[in-house]
Structures are given as C-alpha cells and as structure tokens.
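Structural overview
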2 protein chains.
Amino acid sequence: MSEVRVIQVNESIFAENDRSAELIRKRLTAQGTLFLNFMSSPGSGKTTTLVALINRLKGSLNIGEMDVDIESSLDAQRVADRTGIRSLQIHNGGLCHIDADMTARALLEYDTEGLDLLILENIGNLVCPAEFDTGAHKNVTILSVPEGDDKPLKYPLMYQVSDVVLINKIDALDYFDFDLEKAKERILALNPKAIFFPISAKTGEGLDAVCDWVVEELEAVRAGKI
Amino acid sequence: MSEVRVIQVNESIFAENDRSAELIRKRLTAQGTLFLNFMSSPGSGKTTTLVALINRLKGSLNIGEMDVDIESSLDAQRVADRTGIRSLQIHNGGLCHIDADMTARALLEYDTEGLDLLILENIGNLVCPAEFDTGAHKNVTILSVPEGDDKPLKYPLMYQVSDVVLINKIDALDYFDFDLEKAKERILALNPKAIFFPISAKTGEGLDAVCDWVVEELEAVRAGKI
C-alpha cells in the first residue's frame, strides 16, 4: 500500500503568515517605527479613536496610517481629511481579514521610512483578523460600551491576541447595561497581561493615557525591547 | 503545449452551497415552517431582539431557535431561559459564518416538524455570513444606532442580501450621531426592495410591526408564495 502524505493546510498557512509577519516586524524595528494594529467590531469607533489619537500625537511624532476595507475608501479619507497625515486605503477584495503578505504588499506602496508610528486600521470584525499576525508590534482592540460586556466570552481569540483593550464610548456607560469590571475580568481570564484604557473618543476622556502608552512603546521598540 | 483547465473554486463552493440551501428551503416550505436568518455586527442586539420577538409570538406560533457561535453557548442559553422555547447552540469551530451544509447538519439534530417558525441567529459579523445562503426563506439584518449610519457603505453585500433591516436601539437616537433617513437611503441604493423596521428591543418600540411581518411571511410560505 502506498504511503499517504498528510498536510495540515491551515497550520501551513498560519506558519507562512507568521514568517512574513516576523519579517515586517524586523524591518520596522530596524528603522525605529512602532507598528500598531487596531481591531474591533464594525461601529465600535475605530476611525474616530484613531483620528483623535493622531491629532494628539502628530505634533511630536511622524505618523502614517493604513486602512483596510472591503471596497469603500471612507475611513482612509476621513483620517486624511481630519488629521492631515498620509493615509493609504487597502481594499482586500471581500475578505474578512488582512494577513501579513497583504500588509507586506501595502508596505511596497507606502513608504514608511522616517515614520515614528505606523497605524493599521483592520477590517471591522471580531473573528478573522484575530487569526492573522499582521507584523504589528502590538495589537489593540476596541470594545465599545453599546456592544455589551459579554463580547470576550463570545470572541475569545480576539482578546487573547490583544495587548491593549480600549473600552470606548464610556460617555454612554449610564445609558447601556455594561459592567466595566466584568468586561475586564473576562478579558483578563483569557489574557492576564492585557492592558486597559477606558476612553471616549467623542469627549476625549482617557486618550492622553493611551498617547503616553504609545510613546512608551515607541521607546521600547527603539531600545530593542520589543 | 498542454491545455490547462481552470476552475473557479469559489463559484463551485457557492454553487454547491446554493443547492443545499434550496433543499433546506423546499423541505421547510413543504412542512409549512417559515425559516428566518438573523445577521448583524457583534453587539447590535440580536439575542435581545429575538427574545423580545419570540415572547410576543410564542402564544400564537410554535417557534424553534438555533444559535451559531464560535465556542460559547451563552446566546442559546439566554434564548431558552428567557423565552422557554427549545434552542440549539451550534458551534462552528472558529469560522466566521454558517453555510447551508452546516445548517443541514444542525437540522438533523433539531426536529423542526410542527414548527411554524424556525429562527437562526447567525454569528456576529457583517462580512462572511452574507456570502452563504443558509436555506432561510428571508434574511433579516440588524443595524444598531451606535454602530453608525455608514455601515451600508462599508459592508454592502450584507445589505444586498437582506430582505429586512431592523434598525435597533432607536431609543439611543438622541445620543448618537445617526441619521435614520441617510441609513435607509444607503441601504435602498444597494437593495431597492429592502423593508425597514425601526425598533428598540429594550423598550419594545416597533416590535409589533415586525411580528405582523413575520405572520404575513408565514402565510406567504403556506400559500406557496415564497
């Protein structure tokens, strides 16, 4: 009887993706650019949060931004219009994620030399983006108050791979049945190292602390600690 | 030079899915069961809406419910606890959608004989579930006010395949920057036949109209009009 060779297609895809991601990370580390990947549900306030953070940081940091969407260019346009920084819209052809090779192709179009900070706004989705390392130094997930404090129970991988969780729309805490402590506990059970920032991108509450964290991470990249 | 055969793998997957979906639809039509597929972002209020609708309809209709999630059983448990109807949790192994064959397997576990209404709560995601016909007679999408009125521009396929759009959390309209007319216009541009119900699953506003629609659709199925 002939021998049958078995391959794990998914493992192979993820292993290749991880190698590409590592190459991206190494190159950006070498040039002293911190690369952050922002993920969340649709409508959690990713673009609004990024605009607010960029406007606070752009006086001291040179920032670039890349936006992933299925077909519209709304988000990249909003970021460019509202912050004045250079933004690239990536259309991923209807997929529910962006992987490291797609990111690498985008980086061929987008000159990152001299950037202090490169931001990737991933597609709005709590499932697929969590599966693919994009080459970012850190993953940031936004969980917004109207979505409910049960999201970590339902989309655990997203919280396992997130270094930082921004709990957004806290100005609406009185309006929705959202328990901040319960949300944190559920995330810490999945990922004990998770860092939290309760914020309101609308009012600006909590954003200075996020900016301080970004600056610390940039220093860590430049000190070879990430 | 040899001839090279080209296959469209995706088209083949979708064509097979469509055949399975048609078989599901035919069987449920034959037994007089209306099958509705509910889709939305995470946190838009799918489960809360379904609980409210089921509690309004269960006095007059025999209702079954199936819930798709990656790994938790929270939603099926909530529906069962809060309505008393029979609910089945489907774990889809980390995928971002459920297709017709997965639905068919679930139907082997779940006896639908004698049901007037079968509800599928799809996974919270605006990308993948839109691609797969589940065999439902009608697709219902929930768009919640805090998510923003730009979602139809960013996730067009979801709105193209939806027969009905429930605009949920309208009790929060004063609190968020959401233009109901603009949302409708954007959806109608993608899908001129879309039907809208502005609702609040929390306060109950608008739910009676949705219940009337469900009863009309059940009558249409039984009259052989769907």
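Procedures and definitions
- Residues numbered from 1 in each chain as written.
- Chains lettered and ligands numbered in written order.
- Predicted model: local features only at pLDDT ≥ 70, side-chain atom pairs only at ≥ 80, totals over all residues.
- Heavy atoms only, no water.
- Salt bridge = Lys/Arg side-chain N within 4 Å of Asp/Glu carboxyl O.
- Helix = DSSP H or I, 4+ residues; strand = E, 2+ residues; numbered from the N terminus.
- Buried < 20%, exposed > 50% of the residue type's maximum accessible area, 1.4 Å probe, protein only.
- Least-squares fit on C-alpha atoms with pLDDT ≥ 70 in both.
- Contact = heavy atoms within 4.5 Å.
- Phe/Tyr/Trp six-rings, centres within 6.5 Å; stacked < 30°, edge-to-face > 60°.
- Lys NZ or Arg CZ within 6 Å of the ring centre and 35° of its normal.
- Pairing = 2+ DSSP bridges.
- Axes fitted to C-alpha atoms, helices over the stretch in contact; angles between N-to-C directions.
- Expected span 1.5 Å × (residues − 1).
- Core = buried A, V, L, I, M, F, W, Y, C linked by side-chain atoms within 4.5 Å.
- Polar contact = N/O pair within 3.5 Å; in protein donor to acceptor, adjacent residues only side chain to side chain.

Looking now at the pattern of salt bridges. A complete count under the given rule lists 22 salt bridges over all chains for this structure. Arginine 78 of chain A is the salt-bridge partner of aspartate 75 of chain A, the closest N and O atoms lying 3.2 Å from each other. Of the two residues, aspartate 75 of chain A and arginine 78 of chain A are both situated in helix 3 (residues 74-83); the distance of three residues between them amounts to about one turn of the helix. Taking the shortest distance from any N to any O, the salt bridge between arginine 25 of chain B and aspartate 133 of chain B comes out at 2.9 Å. Within this pair, whereas arginine 25 of chain B is found in helix 1 (residues 9-30), its partner aspartate 133 of chain B is found in the loop between strand 4 (117-121) and strand 5 (138-144), the two being separated by 108 residues in sequence. Judged by relative accessible area, aspartate 133 of chain B falls into the partly exposed class, the value being 26%. Connected via shared salt-bridge partners are Asp75 and Arg78 of chain A together with Asp150, Lys151 and Lys154 of chain B.

Glancing now at the relation of the copies chain B and chain A. Laying chain B over chain A is done by rotating through 180° and shifting 0.0 Å along the axis; what remains is an RMSD of 0.0 Å. Taken together, the rotation angle and the small translation identify this as a two-fold axis. Counting the interface residues of chain B, we find that 100% of their copies in chain A are interface residues as well, pointing to one common contact surface.

What follows covers the packing of aromatic side chains. The description of an aromatic ring pair rests on the distance of the ring centres and on the angle between the ring planes. This structure, assessed with the given rule, holds six aromatic pairs over all chains. A centroid spacing of 5.9 Å and a plane angle of 15° characterise the contact between tyrosine 175 of chain A and tyrosine 175 of chain B, whose relative ring orientation is stacked. Linking tyrosine 175 of chain A in the loop between strand 6 (164-168) and helix 7 (180-190) with tyrosine 175 of chain B in the loop between strand 6 (164-168) and helix 7 (180-190), this pair reaches from one chain into another. According to the relative accessible area criterion, tyrosine 175 of chain B is partly exposed, its value standing at 29%. Ring centres of phenylalanine 14 of chain B and phenylalanine 132 of chain B lie 5.2 Å apart, and the angle between their planes is 55°; on these two criteria the pair is classed as tilted. In this pair, phenylalanine 14 of chain B is assigned in helix 1 and phenylalanine 132 of chain B in the loop between strand 4 and strand 5, connecting sequence segments 118 residues apart. With relative accessibility at 26%, the residue phenylalanine 14 of chain B sits in the partly exposed group. By way of ring pairs, the aromatic residues Tyr175 and Phe176 of chain A together with Tyr175 and Phe176 of chain B are connected into one cluster. For the cation-ring pair, lysine 202 of chain A lies above tyrosine 175 of chain B, with the distance from its terminal atom to the ring centre recorded as 4.7 Å.

Turning to the sheet that holds strand 1 (residues 34-40) of chain A, a few remarks are in order. All names here are of chain A. Across the sheet, seven strands lie side by side as 3-2-4-1-5-6-7; this open sheet has parallel pairing. Every other strand in the sheet has two partners, leaving strand 3 (86-91) and strand 7 (195-198) as the edge strands with one partner each. In this sheet, neighbouring strand axes are inclined to one another by 20° on average, regardless of whether the strands run parallel or antiparallel. Docked against the sheet, helix 2 (residues 46-57) engages strand 1, strand 2 (63-69), strand 4 (117-121), strand 5 (138-144) and strand 6, running at close to 170° with respect to strand 4.

Looking now at helix 8 (residues 207-222) of chain B. Residue and element names in this part refer to chain B. Here helix 8 contains 16 residues, and its C-alpha end-to-end distance of 23 Å stays within 8% of the 22 Å for a straight helix at 1.5 Å per residue. Considered for burial, the residues of helix 8 that qualify are Leu207, Val210, Cys211, Trp213, Val214, Glu217, Leu218, Ala220 and Val221. A positive phi of about 75° marks glycine 224, the residue just after helix 8.

In this structure, Ile167 of chain A together with Ile167 of chain B are the most contacted members of the largest nonpolar core, which totals 48 residues. Going through the elements one at a time, helix 6 (156-160), strand 6 and helix 7 of chain A together with helix 6 (156-160), strand 6 and helix 7 of chain B are the ones with two or more residues in this core.

Moving on, we come to the side chain of asparagine 92 of chain B. Residues and elements named next belong to chain B. Among the structural elements, asparagine 92 can be located in the loop between strand 3 (86-91) and helix 4 (100-109). For asparagine 92, a relative accessible area of 7% corresponds to the buried category. A distance of 3.3 Å separates a polar side-chain atom of asparagine 92 from the backbone nitrogen of glycine 94. Discounting residues that sit within four places of it in the chain, asparagine 92 has contacts with Val68, Asp69, Ile70, His97, Met102 and Ile123.

Another point: the pairing of strand 1 of chain A. All names here are of chain A. Across the seven residues of strand 1, seven count as buried, placing the element largely inside the fold. Side chains of strand 1 alternate between two faces, with Leu34, Leu36, Phe38 and Ser40 and Phe35, Asn37 and Met39 buried alike. Relative to strand 4, strand 1 runs parallel, the two being bridged by five bridges. Directly across from leucine 34, in strand 4, lies its bridge partner leucine 117.

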